Amino acid sequence: MKRRNFIKKTSVTGLGLVAVSSAFIGCNSDTKTSDKKGLSSTLNPIRPLVIATWKTDLAVETAAKVLEKGGSAIDAVEQGCRIEEANEEGQSVGKGGLPDRDGDVTLDACIMDEKGNYGAVLGVKNIKHVISVARKVMEDTPHVMLVGDGAEKFAVLKGFERENLLTEASKKAWEKWKEKSEYKPIINIENHDTIGMLAIDKNGHISGACTTSGLAYKMAGRVGDSPIIGGGLFVDNEIGGASATGLGEEVLKTVGSFLIVELMRQGKTPQEACEIAIGRIVNKPGKDFKNFQVGYIAVNKQGETGAYSIHEWFSYNIYKDEENKNIKSDYFNKA
Ligand code: ASP
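Just so you know, these numbers come straight off a predicted model, no measurement behind them. (Residues numbered from 1 in each chain as written. Predicted model: local features only at pLDDT ≥ 70, side-chain atom pairs only at ≥ 80, totals over all residues. Heavy atoms only, no water.)

(A) Inspection of the sheet that holds strand β15 (residues 330-331) at higher detail. Taken in spatial order, the five strands make up an open sheet running β9-β10-β11-β12-β15, and their pairing is mixed. Each of the sheet's edge strands pairs with one partner strand only, and the pair in question is β9 (233-236) and β15. Here helix α8 (residues 256-265) sits on the sheet in contact with β9, β10 (240-246) and β11 (294-300), set at roughly 145 degrees to β10. Relative to strand β12 (residues 305-309), helix α9 (residues 270-282) is tilted by about 20 degrees, and along the sheet it contacts β11, β12 and β15. (Pairing = 2+ DSSP bridges. Helix = DSSP H or I, 4+ residues; strand = E, 2+ residues; numbered from the N terminus. Contact = heavy atoms within 4.5 Å. Axes fitted to C-alpha atoms, helices over the stretch in contact; angles between N-to-C directions.)

And the structure:
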C-alpha cells in the first residue's frame with residue numbers, strides 16, 4: 001500500500017464514482033426475508049462483494065476468497081485487514097506503522113458484525129493484529145472498547161504475541177521528522193492510509209473492519225476516528241455500511257460513517273451519502289480543507305457502492321463479479 005509510489009507510477013482503472021448497479025448482485029431489496037437468526041437477508045443469492053479504502057489488492061483478494069468459499073462477512077473483513085497489518089512496508093497500518101511523536105507505534109482498530117455487535121481497541125502497543133484483538137473484545141468480553149495497556153494485556157491473555165512494531169524504515173522516518181518536528185496534516189503524503197473494509201457475504205450479511213496506526217507523529221495518546229463506532233466505521237445490516245480514511249478529527253466531528261449509513265437509510269445512494277458527508281466537512285464556515293484529506297467508502301444492502309473524498313488521489317479496491325479492481329474515487333476539490 002505504498003501510496004506515494006502508487007500515485008506516481010500506477011494508473012488507476014476507472015474514473016470517478018462507482019455506483020454499481022444493483023443488478024450485478026442479482027438481488028432485489030423488495031425480496032427481503034430473515035434467516036434463522038432473524039437477520040435481514042435476501043431471497044436471491046448474492047455474489048460476494050468487498051470494498052476497501054486505498055490500493056489494497058491483496059487484502060481485498062484475501063477477503064474475497066473467504067466469501068467465495070462461503071465464509072462470513074465478519075471473517076472476510078478480519079482476514080483482509082490482517083494482510084495490511086502484517087505488511088511491514090505499509091507505514092500506516094499494523095507493523096511498520098509510523099510512530100507517534102515519542103517514537104511509539106500505537107494501533108487503533110474496530111470491527112462490526114451483521115448483528116450490530118462492535119469491538120475496538122485504542123492505542124495498543126506491541127501487538128500487530130489489533131483487528132483480531134478488536135474481534136475478541138467484541139466476542140469475548142462484556143465491553144466494546146479496550147484502551148492502551150489494558151488492551152495489550154487482554155491481547156496477551158488471548159494468546160497474541162508481543163513484538164516490536166517499529167521497523168527500521170519507520171524509525172528512520174521518525175528520526176528525520178524529529179529534526180524539524182513539524183506537525184501538520186498534509187494531503188496525500190504517506191502520513192495516513194487506514195484500511196477500512198466492508199463486505200457482503202453470500203447470505204447477504206454485511207460486516208466491516210477498520211485498522212490503522214493513525215496519523216504519523218501524532219501526540220502520544222491521540223486517537224482518531226478509525227476505532228470509534230460511527231466515526232471510522234459503521235454497519236447496519238438492514239441498510240449498509242461505511243468507512244473512512246484521512247484526518248480522523250474531521251471525520252469524528254461529523255460522525256462520518258454513521259452519517260452515511262443514516263443518509264442511506266433515508267434513501268440516498270451510497271455515492272450521494274458519501275458526497276453529503278464530505279460536504280458536511282468542507283462546507284463548515286471558514287473551514288480550510290486545503291491541507292487535509294478525508295475519503296469515504298460505502299455500500300448498501302443492495303450491493304451498490306460509493307466513494308468520495310475531499311481531494312484527488314483517494315482510491316479504493318472493490319471486488320465484485322469475481323474481479324478485484326483499484327478505482328480512483330471522485331472528489332470535491334476540483335478547483
Ligand atoms: N483516519 C486515521 C486517523 O485519523 C488516519 C488515516 O486514515 O490514515 O487516525
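Anyway, onward from the coordinates.
(B) Structural view of the packing of α8 against α9. For the pair α8 and α9, the least separation of the axes is 9 Å and the interaxial angle reads 135 degrees. When the interaxial angle is binned, α8 and α9 end up oblique. Relative to α9, α8 is oriented so that their crossing is right-handed. When α8 is examined against α9, the residues Gly256, Leu259, Ile260, Leu263 and Met264 are found in contact with a partner set consisting of Pro270, Ala273, Cys274, Ile276, Ala277 and Arg280. Looking at the contact of α8 with α9, its residues break down into nine nonpolar, one polar and one charged. (Parallel < 35°, antiparallel > 145°, perpendicular 65-115°, else oblique. Left-handed = near helix turned anticlockwise from the far one by under 90°. Nonpolar A, V, L, I, M, F, W, Y, C, P; charged D, E, K, R; others polar.)

(C) Molecular detail of empty space enclosed by the protein. According to the stated counting rule, one finds one cavity of 30 Å³ or more in the structure shown. Within this model, the largest cavity holds a volume of roughly 70 Å³. Thr194, Gly214, Asp225, Ser226 and Gly246 are, among the twelve residues lining the largest cavity, the residues nearest its centre. Counted by class, the lining of the largest cavity contains one nonpolar, eight polar and three charged residues. (1 Å grid on protein atoms, 1.4 Å probe; cavity = no way out; pocket = protein on both sides within 12 Å on 5 of 7 lines; lining within 4 Å. Points joined across faces, edges and corners; volume = space filled by probe spheres on them.)

(D) Geometry of the packing of aromatic side chains. Under the definition given, this model contains four aromatic pairs. With a centroid separation of 5.0 Å and 85 degrees between ring planes, the pair formed by Trp54 and Phe314 is classed as edge-to-face. Placement of Trp54 in the loop between β3 (49-53) and α2 (57-68) and of Phe314 in the loop between β12 and β13 (315-320) is noted, with a sequence separation of 260 residues between them. In terms of burial, Trp54 and Phe314 fall into one category: buried. Between the NZ or CZ atom of Lys178 and the centre of the ring of Trp174, over which it lies, the distance is 3.9 Å. (Phe/Tyr/Trp six-rings, centres within 6.5 Å; stacked < 30°, edge-to-face > 60°. Buried < 20%, exposed > 50% of the residue type's maximum accessible area, 1.4 Å probe, protein only. Lys NZ or Arg CZ within 6 Å of the ring centre and 35° of its normal.)

(E) Representation of the pairing of β13. The buried fraction of β13 is high, at five of six residues. Pairing of β3 with β13 involves four bridges; the strand directions are antiparallel. Within β13, the position partnered with Ala52 by the bridge is Asn317. In this sheet, strand β14 (residues 323-328) lies alongside β13 in antiparallel orientation, the contact comprising six bridges. Note that in β14 the partner of Ile318 across the bridge is Lys325. Counting the residues between successive antiparallel strands, the hairpin from β13 to β14 contains two residues, one of them, Asp321, with a positive phi of roughly 50 degrees.

(F) Quick look at unusual backbone geometry. Residues other than glycine seldom take positive phi values, yet Trp54 does so here, at roughly 65 degrees. Judged by relative accessible area, Trp54 falls into the buried class, the value being 1%. One non-glycine residue, Asn126, lies in positive phi territory at about 70 degrees. By the element assignment, Asn126 lies in the loop between β5 (118-124) and α4 (130-140). For Asn126, a relative accessible area of 29% gives the class partly exposed.

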